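# A structural walkthrough
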Amino acid sequence: MIERLAVIGVGLIGGSLALALRAAGHVGEVIGCGRSRANLERALTLRVIDRIAEDPAAAARGADLVFVAVPLGAMRAVFQALRGQLAPETVLTDAGSVKGSVVEDVRAVFRAIPSCFLPGHPIAGTEHSGVEAAFPELYHNRRVILTPLPETAPNAIQRVSAMWQACGAEVDFMSVAQHDEVLAATSHLPHMLAFGLVDSLARMRENDEIFRYAAGGFRDFTRIASSNPEMWRDICLANREALSAVLARFSVELADLADSIRRADGERLFEIFSRAKAARDRYV
Ligand code: NAD
């Protein structure tokens, strides 16, 4: 049970956490803080939060858990505002989609990793953003990856795990580096393909005509190209090493596919598609 939860960044992820914990009876009071006053007022009206705090330090005062869910590029400023403001028993965690950059930000701001800090990443989301997009079931049956550091206290691991389990999620543990490599392949690369495909079609002269004939497959594949551009710019910059590596590997695959098509190598195309189908049918 969390008596007082501070949510810094009350958008899709932060708002959904507050709603899920409320629905589970796992939270007392929720204090919200963020960049946009209008969004916070809306969060208050929707009863996602109970009170607005002026800044992260005020939000963290008296909180037993502080959840940071702002875009990656805003994380460092939030940690700066929290420095020296956390009570010894307060647990600090985040939802950033890249873990290496968040850990770097915390280390740069606090000098040493505080024992109360546990980086986290819920593998759940939609292409919508802001508190209006939040809903309590977002984390039901979804995975949350926690990446404890050698400095992280067992109490922080226990409290953050219990929080996510109360939201209906399953908690997995990974190293920071493994998290960033895995997510580069399974999340960041597909987003690049969707953004790149839609942008390249949109820049064609006849794009109205093209999009008119876009059917189910196109919709399914490109839904994530509606995601928040600020958030995705930050993710690319924060995970550029791992993402560049998977993009380079994928470019080779794409060139192989293009070459097989050019050479009319039906056998090779059948082999690639069959392998892909078997993998998707098995794992997804
Ligand atoms: P969002 O845009 O819905 O919400 C972000 C909130 O942060 C907004 O309310 C915004 O006003 C606030 N904010 C922005 N800059 C700020 C600043 N400088 N100081 C204080 N508040 C600020 O975004 P989201 O989808 O909830 O994503 C939040 C975090 O969660 C990001 O780090 C993202 O990488 C991560 N994440 C997103 C998803 C997803 O699918 N959307 C999934 C997992 C993790």
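Residues numbered from 1 in each chain as written. Predicted model: local features only at pLDDT ≥ 70, side-chain atom pairs only at ≥ 80, totals over all residues. Heavy atoms only, no water.

### Remarks on the domain arrangement of the chain
Much of the literature gives interface size as the accessible area that the parts lose upon coming together. Parsing the chain into structural domains produces domain 1 (2-174) and domain 2 (178-283). The C-alpha-based centres of domain 1 and domain 2 are spaced at 30 Å. Carbon and sulfur atoms make up 63% of the surface buried where domain 1 meets domain 2, a total of about 1300 Å² over both sides. When residues of domain 1 are sorted by the area they lose upon contact with domain 2, Val98, Glu127 and Met174 head the list and together hold 42% of the total. For the pair domain 1 and domain 2, the interface holds two salt bridges. At the level of secondary structure, the elements contributing two or more residues to the side of domain 1 that touches domain 2 comprise helix 5 (100-110) and strand 7 (120-123). A class-by-class count of the residues in the side of domain 1 that touches domain 2 yields six nonpolar, eight polar and three charged. (Domains from an automatic or database assignment. Buried area = accessible area lost by both parts, 1.4 Å probe. Salt bridge = Lys/Arg side-chain N within 4 Å of Asp/Glu carboxyl O. Helix = DSSP H or I, 4+ residues; strand = E, 2+ residues; numbered from the N terminus. Nonpolar A, V, L, I, M, F, W, Y, C, P; charged D, E, K, R; others polar.)

### Brief notes about the environment of Arg240
With respect to the helices and strands, the residue Arg240 is situated in helix 11 (residues 240-262). Within the structure, the side chain of Arg240 is placed 2.8 Å from the backbone oxygen of Leu237, a separation counted as a polar contact. (Polar contact = N/O pair within 3.5 Å; in protein donor to acceptor, adjacent residues only side chain to side chain.)

### Examining the site of the ligand
Lining the immediate surroundings of the ligand are 27 residues, of which Leu12, Ile13, Val70, Ser97 and Gly130 lie closest. Val70 is positioned with one of its backbone polar atoms (N or O) 2.7 Å from an oxygen atom of the ligand. A distance of 2.6 Å is found between an oxygen atom of the ligand and a side-chain nitrogen or oxygen belonging to Ser97. Mapped by element, the contributors of at least two residues to the shell around the ligand are helix 1 (12-23) and strand 7. Of the residues contributing to the shell around the ligand, the split by class is 13 nonpolar, 13 polar and one charged. (Near = heavy atom within 4 Å.)

### With respect to the sheet that holds strand 7
Pairing within the open sheet is mixed, and its three strands lie in the order 7-8-9. Every other strand in the sheet has two partners, leaving strand 7 and strand 9 (170-173) as the edge strands with one partner each. Direction aside, the axes of adjacent strands within the sheet are offset by 25 degrees on average. In this sheet, strand 8 (residues 143-146) lies alongside strand 7 in antiparallel orientation, the contact comprising four bridges. Each bridged residue has a counterpart across the sheet, and for Pro122 the counterpart in strand 8 is Val144. (Pairing = 2+ DSSP bridges. Axes fitted to C-alpha atoms, helices over the stretch in contact; angles between N-to-C directions.)

### Things to note about the pattern of salt bridges
Following the criterion strictly, the structure yields 22 salt bridges and no others. As a salt-bridge pair, Arg35 and Glu230 come within 3.4 Å of each other at their nearest N and O atoms. Pair noted here: Arg35 is in the loop between strand 2 (27-33) and helix 2 (37-45) and Glu230 is in helix 10 (residues 229-238), with a separation of 195 residues, a long-range link. Judged by relative accessible area, which is 73%, Arg35 ranks as exposed. Among the ionic pairs, Arg143 bridges to Glu170, the shortest N-O distance being 3.3 Å. Taken as a pair, Arg143 in strand 8 and Glu170 in strand 9 lie far apart in primary sequence, 27 residues in all. Given a relative accessible area of 44%, Arg143 falls into the partly exposed group. Residues participating in the shared-partner salt-bridge network are Asp256, Arg268, Glu271 and Arg275. (Buried < 20%, exposed > 50% of the residue type's maximum accessible area, 1.4 Å probe, protein only.)

### Things to note about the side chain of Asp234
Tracing the sequence through the fold places Asp234 in helix 10. What makes Asp234 buried here is its relative accessible area of 7%. A polar atom in the side chain of Asp234 sits 3.0 Å from the side chain of Arg233.

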